[in-house]
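Okay, here's what each chain looks like letter by letter:
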Amino acid sequence: MSAAQAAAMADGKVTADEYQAGFRRYQSCMKKAGWDLIISDSTGYLIKYSFPTAGTKDDARCYALEFGAIDDAWQLENIDRSDTTNTLRQCLVTAGITPRKTRAEIDDQLAAAGINPQSCFTH
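Residues numbered from 1 in each chain as written. Predicted model: local features only at pLDDT ≥ 70, side-chain atom pairs only at ≥ 80, totals over all residues. Heavy atoms only, no water.

Re the overall build of the protein
Scanning the protein from terminus to terminus reveals five helices and two strands. Each helix (α) and strand (β) of the protein, taken in turn from the N terminus, gives the series α-α-β-β-α-α-α. Taken against the 2.2 N^0.38 rule, which gives 14 Å for 123 residues, the C-alpha radius of gyration of the protein at 17 Å runs more than 25% over that of a compact globule. Here the C-alpha coordinates of the protein stretch approximately 50 × 35 × 25 Å along the principal axes. A burial count over the protein gives 30% of its 123 residues as buried. Counting only contacts in the protein whose residues sit at least 6 apart along the sequence, the fraction spanning at least 24 positions is 51%. Counting every atom, the protein has about 7,400 Å² of accessible surface; 55% of that belongs to carbon and sulfur. (Helix = DSSP H or I, 4+ residues; strand = E, 2+ residues; numbered from the N terminus. Rg over C-alpha atoms; globule rule 2.2 N^0.38 Å. Buried < 20%, exposed > 50% of the residue type's maximum accessible area, 1.4 Å probe, protein only. Contact = heavy atoms within 4.5 Å. Areas by Shrake-Rupley, 256 points an atom, 1.4 Å probe, with all protein chains shown as cover.)

See below:
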């Protein structure tokens, strides 16, 4: 883990600025290794990107060095906004249930209604 990533993780929370900075360091590391990231969406809370399969080895190194811990913490801190949570939320709506706010509450609602969360992802 780089010193910059360790500093961002020092207080146990990740700010939007720390998330963005960590991603830029990861992107720079990948670029130095010869890979350009393809950013499909950077407008939401989560940066969506990809890279050529051949870059997997460099991705593992760069991600762990500059962004992995930050990304994990950021996604956990923002789980209530995730695509998965939104799908589960919609599943409750489809079942006629008004979803609550947090992922934990939504998980409880699904369990109470006897809805298998996996069924929310099949079409």
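Here the narrative resumes.
Here's the deal with the packing of helix α4 (residues 83-94) against helix α5 (residues 103-112)
Packing of α4 against α5 leaves a shortest axis separation of 10 Å and a crossing angle of 40°. By the criterion of interaxial angle, the relationship of α4 to α5 is oblique. Considering how the two elements wind past one another, α4 and α5 form a crossing that is left-handed. Residue-level contacts link T84, T85, L88, R89 and L92 of α4 to R103, I106, D107, Q109 and L110 of α5. Along the lines of polarity and charge, the residues of the contact of α4 with α5 split into four nonpolar, three polar and three charged. (Axes fitted to C-alpha atoms, helices over the stretch in contact; angles between N-to-C directions. Parallel < 35°, antiparallel > 145°, perpendicular 65-115°, else oblique. Left-handed = near helix turned anticlockwise from the far one by under 90°. Nonpolar A, V, L, I, M, F, W, Y, C, P; charged D, E, K, R; others polar.)

Description of the state of the cysteines
Scanning the model with the defined rule gives two disulfides in all. Paired through a disulfide, C29 and C62 show a sulfur-sulfur distance of 2.1 Å. One quick way to see it: the torsion about the S-S bond of C29 and C62 is about -70°, and its sign makes the bridge left-handed. Of the two residues, C29 is situated in helix α2 (residues 16-32) and C62 in helix α3 (residues 56-77); the sequence distance between them amounts to 33 residues. Residue classification places C29 among the buried residues on the basis of a relative accessible area of 10%. (Disulfide = S-S within 2.5 Å.)

Observations concerning the packing of α2 against α3
The geometry of α2 relative to α3 is characterised by a closest axis approach of 9 Å and an angle of 170° between their N-to-C directions. With respect to α3, the axis of α2 lies roughly antiparallel. Listed contacts from α3 to A16, E18, Y19, G22, F23, R25, Y26, C29 and M30 of α2 are D58, D59, R61, C62, Y63, E66, F67, I70, D71 and W74. By residue class, the composition of the contact of α2 with α3 is 11 nonpolar, one polar and seven charged.

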